[in-house]
Structure formats: structure tokens, C-alpha cells
Amino acid sequence: MNKINIGSISAIDKPSIEINLGTSMSASNIWISDLTHYYNKKQTSPTLDNINLSIPKGQLTALIGRSGCGKSTLLQMLAGLLMPTEGAVRINGHTVYKPNAKWNMMFQKPSLYPWMTVRENAALSLVFAGTYKGNEDRVENLLDMVGLAEHKSKNVQQLSGGQQQRVALARSLAAEPEVLLLDAFTRSQLQTEVAQICHDQGITMVLVTHDIEEAVAMADKVVIMNHNPGRIVGSLEVPVEYPRNRSSTEFVALKEKLFEEFEKIDQAKQAELEQQAS
């Protein structure tokens, strides 16, 4: 079995070999151990197979892979929305078995209450926790930070889609999360701002995406997944300062490395399927 090294990228030519990502549990904010998942007993192959991953505190990590690789399933397990069939997810040493405001998940859709104002929606996490009184300034400051200073009293239905995502971001940050879990963003400006905020505030971020540019733009480390079954097959360090210039030579080179690695993984998967069929 040959290991492939391309600059700072590391992968393996077949996904059946476990990759040691080299961070101990004691040093990790997030620790995924021996995780395997089946959605039902009829499955002949698991959705996720033997996932082992450590994410240090404050690191911005992107899980990237083709549709069907299980990356969104893994994100739901990090959020406590789904329990794995085998293995465990731990955050700060605590096993994740239910949602918690300290590991906050943002979905692609903002999921705002349409009859409420921007301010009221952004304050919801504090209202539900019973801590809004006395922390009103936190919501005001967050809305200023995400560029909604002039829209606080507007009904959210008056906002554009991008502005509504900013309201959802302020709502998530109001809970002062230790971990921010993100489904893929579609707007590059918001990608840049979220990554900068997480970096500046020391928030551990996990993003799932199939978009190479989004992964390189937002993450300190990109973790590459294969499909059928979903396995970790490589990783890429992204040692570029925030905010990132997408037209810089360094950024473009990292995008190209990641694209080349995807091609190698696809070729290896196709060869594996052909071998199984023969």
C-alpha cells in the first residue's frame, strides 16, 4: 500500500487504511473515536466506516467529499442530533449524545421566525436560555459585527437571503459557542467573515462542503472523505493567514492541490469498484 504525499497534502491510495492525524484526546476540543454508522439493518455497507479524527481547540476544519460520503451525517453526530451505531464523539472530554448550545449548528437555511424582527431572532438563543435580560448589549454588538446595524428593527422577511444568514450567524454566536458547526455556505463574503470571526474569537469550527474553494477559504485543515462507505482518506493543511486572498498564488496553488487529490481519490475508487465487479 503506497502513501501519496503532494506538498502539504497527505492521502492514501485505498481508503481501507486508517490515517493517524496525530493529536491526542487530551489536547483536542473534538475527538471522534472508531465511529461507524448504519442507518438501518438492511445496509450491506456502512454510511460511515471507522472514522477517527481529532480537532484541536480553535482549529477551523472542513470536511470535504462527494455527495454520499457521509459528511453531513458526521456533522449531525457532532451536533448531538444523531447517535452513531458504533464509536463515540467527545467534545472537551464529554460524550455527545444530545444537542448543546455550546456546540451550535448552523444549517444552509437560516430558519428564522418570519414574524419577528432581526433583533428578536438574534436574541432567541439567550431568550430560550433565560439569559437575555442583562445581555442585551451582546446581541446589539453581534448585529453590528455581522453588518446588520441598520436593520435591527426590521422584520426578517424584509431582508435578503444573505442578510438572513447573518441574522442566523448572530443568533448562533450569541450563545457563545465553543464549537460552531456549519453546513455549506453559498456566499463567499459570508464565508470570509465567518472564518475571520471564528479565528479571532478562538471558536472551533467544523464545516461540511463539496466546494474546494470554500474549504480552502475557510479552514486551517481540510479533511478529505471518500464514499461508499464514508471514510477519511487524506488531509490538507492550509497555512494561510486570514482574511484570505482568493486570487493569491498561494491560495490558487492550494486549490489545485486539493482538486488533484480529488481526482486521485476518484480514480482509486473507480479501480476498486471495477475490481469488485470482476
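Shown above is the structure to which this text applies.
Read on for an overview of the structure. The model shown is predicted, which means the values in this text are computed figures rather than measured ones. (Residues numbered from 1 in each chain as written. Predicted model: local features only at pLDDT ≥ 70, side-chain atom pairs only at ≥ 80, totals over all residues. Heavy atoms only, no water.)

### With respect to the packing of aromatic side chains
Cut-off, in case you're wondering: Two aromatic rings, drawn from Phe, Tyr or Trp (for Trp, its six-membered ring), form a pair once their centres lie within 6.5 Å of each other, and the interplanar angle then sorts them: stacked below 30 degrees, edge-to-face above 60, tilted otherwise. Exposure categories follow from relative accessible area, calculated using a 1.4 Å probe and restricted to protein chains: below 20% of the type maximum is buried, above 50% is exposed, and the middle band is partly exposed. In our convention, an over-ring charge means Lys NZ or Arg CZ found within 6 Å of a ring centre and within 35 degrees of that ring's normal.
Counted according to the given criterion, the structure contains one aromatic pair. Seen in terms of ring centroids, Tyr113 and Trp115 are 5.0 Å apart; in terms of plane orientation they differ by 55°. Their pairing is tilted. Its relative accessible area of 32% is what places Tyr113 among the partly exposed residues. Cation over ring: Arg244 sits above Tyr242, and NZ or CZ is 4.1 Å from the ring centre.

### Regarding the packing of helix α4 (residues 136-145) against helix α5 (residues 161-174)
Threshold: To define axes, lines are fitted to C-alpha atoms, for helices over the stretch in contact only, and angles between the resulting N-to-C directions are given on a 0 to 180 degree scale. Secondary structure elements follow DSSP: runs of H or I no shorter than four residues count as helices, runs of E no shorter than two count as strands, and numbering proceeds from the N terminus. Note that the term roughly parallel is reserved for angles under 35 degrees, roughly antiparallel for angles over 145, roughly perpendicular for angles of 65 to 115, and oblique for everything else. Here a crossing is taken to be left-handed if its near helix is turned anticlockwise relative to the far helix by less than a right angle, and right-handed if that turn runs clockwise. When checking whether two residues touch, look at their non-hydrogen atoms; a contact exists if any pair is within 4.5 Å. Under the convention adopted here, Pro, Cys and the residues Ala, Val, Leu, Ile, Met, Phe, Trp and Tyr are nonpolar, Asp, Glu, Lys and Arg are charged, and Gly plus all remaining residues are polar.
At a closest axis distance of 9 Å, the pairing of α4 and α5 adopts a crossing angle of 140°. On the basis of the axis angle, α4 is oblique to α5. The crossing of α4 and α5 is right-handed. Of α5, the residues touching α4 (which contributes Arg138, Leu142, Leu143 and Met145) are Ala170, Leu173 and Ala174. Looking at the contact of α4 with α5 residue by residue, the classes come out as six nonpolar, no polar and one charged.

### Concerning a nonpolar patch on the surface
Rules: Each patch groups residues whose relative accessible area exceeds 30% and which form no salt bridge, using 9 Å between like charges and 5 Å between nonpolar side chains of Val, Leu, Ile, Met, Phe, Trp and Tyr. Only the protein chains shown count as covering a residue, and every accessible area follows the Shrake-Rupley method with a 1.4 Å probe. Throughout this description, the term salt bridge denotes a Lys or Arg side-chain nitrogen within 4 Å of a carboxyl oxygen of Asp or Glu.
Taken together, Tyr113, Trp115, Val127 and Phe128 make up a surface patch of nonpolar side chains, about 480 Å² in accessible area. As for its position among the elements, Val127 is in helix α3 (residues 124-129).

### Description of the pairing of strand β11 (residues 221-226)
Put simply, the rule reads: Any two strands between which DSSP finds at least two bridges are classified as paired.
With six of its six residues buried, β11 lies for the most part within the structure. Residues Lys221, Val223 and Met225 point to one face of β11 and Val222, Ile224 and Asn226 to the other, with burial holding for every one of them. As defined by bridge partners, β11 adjoins strand β12 (residues 231-237) across six bridges and the pair is classed as antiparallel. Among the inter-strand pairings, Val223 is bridged to a residue of β12, identified as Ser235. The turn joining β11 and β12, which pair antiparallel and follow one another in sequence, is formed by four residues; a positive phi near 55° is taken by Asn228.

### A look at the nonpolar core
Convention followed: The definition of a nonpolar core used throughout is a set of buried Ala, Val, Leu, Ile, Met, Phe, Trp, Tyr and Cys residues joined through side-chain atoms within 4.5 Å.
By size, the foremost hydrophobic cluster in this structure holds 50 residues, and its most contacted members are Leu169, Val194, Val222 and Leu258. Ranked by size, the runner-up nonpolar core spans 27 residues in total, among them Ile32, Leu75, Met77 and Trp103.

### A short note on helix α8 (residues 249-277)
Keep this limit in mind: Expected span of a helix, by definition, is 1.5 Å for each gap between consecutive residues, and there is one gap fewer than residues.
In a regular helix each residue adds 1.5 Å, so 29 residues correspond to 42 Å; α8 covers 42 Å between its end C-alpha atoms and thus fits that length. Burial in α8 covers these residues: Phe251, Leu254, Leu258, Glu261, Phe262, Ile265 and Lys269.

### Re the packing of α5 against helix α6 (residues 188-201)
Packed helix pairs are characterised by how far apart their axes lie and by the angle those axes make with each other. Look at α5 against α6: their axes get within 12 Å of each other, and the N-to-C directions meet at 15°. Taken together, the axes of α5 and α6 are roughly parallel relative to one another. The chirality of how α5 crosses α6 is right-handed. Here Gln165, Arg166, Leu169 and Leu173 of α5 come into contact with α6, specifically with Gln189, Leu190, Glu193, Val194 and Ile197. The class makeup of the residues in the contact of α5 with α6 is five nonpolar, two polar and two charged.

Functional significance is not addressed by these values, which are geometric in nature.
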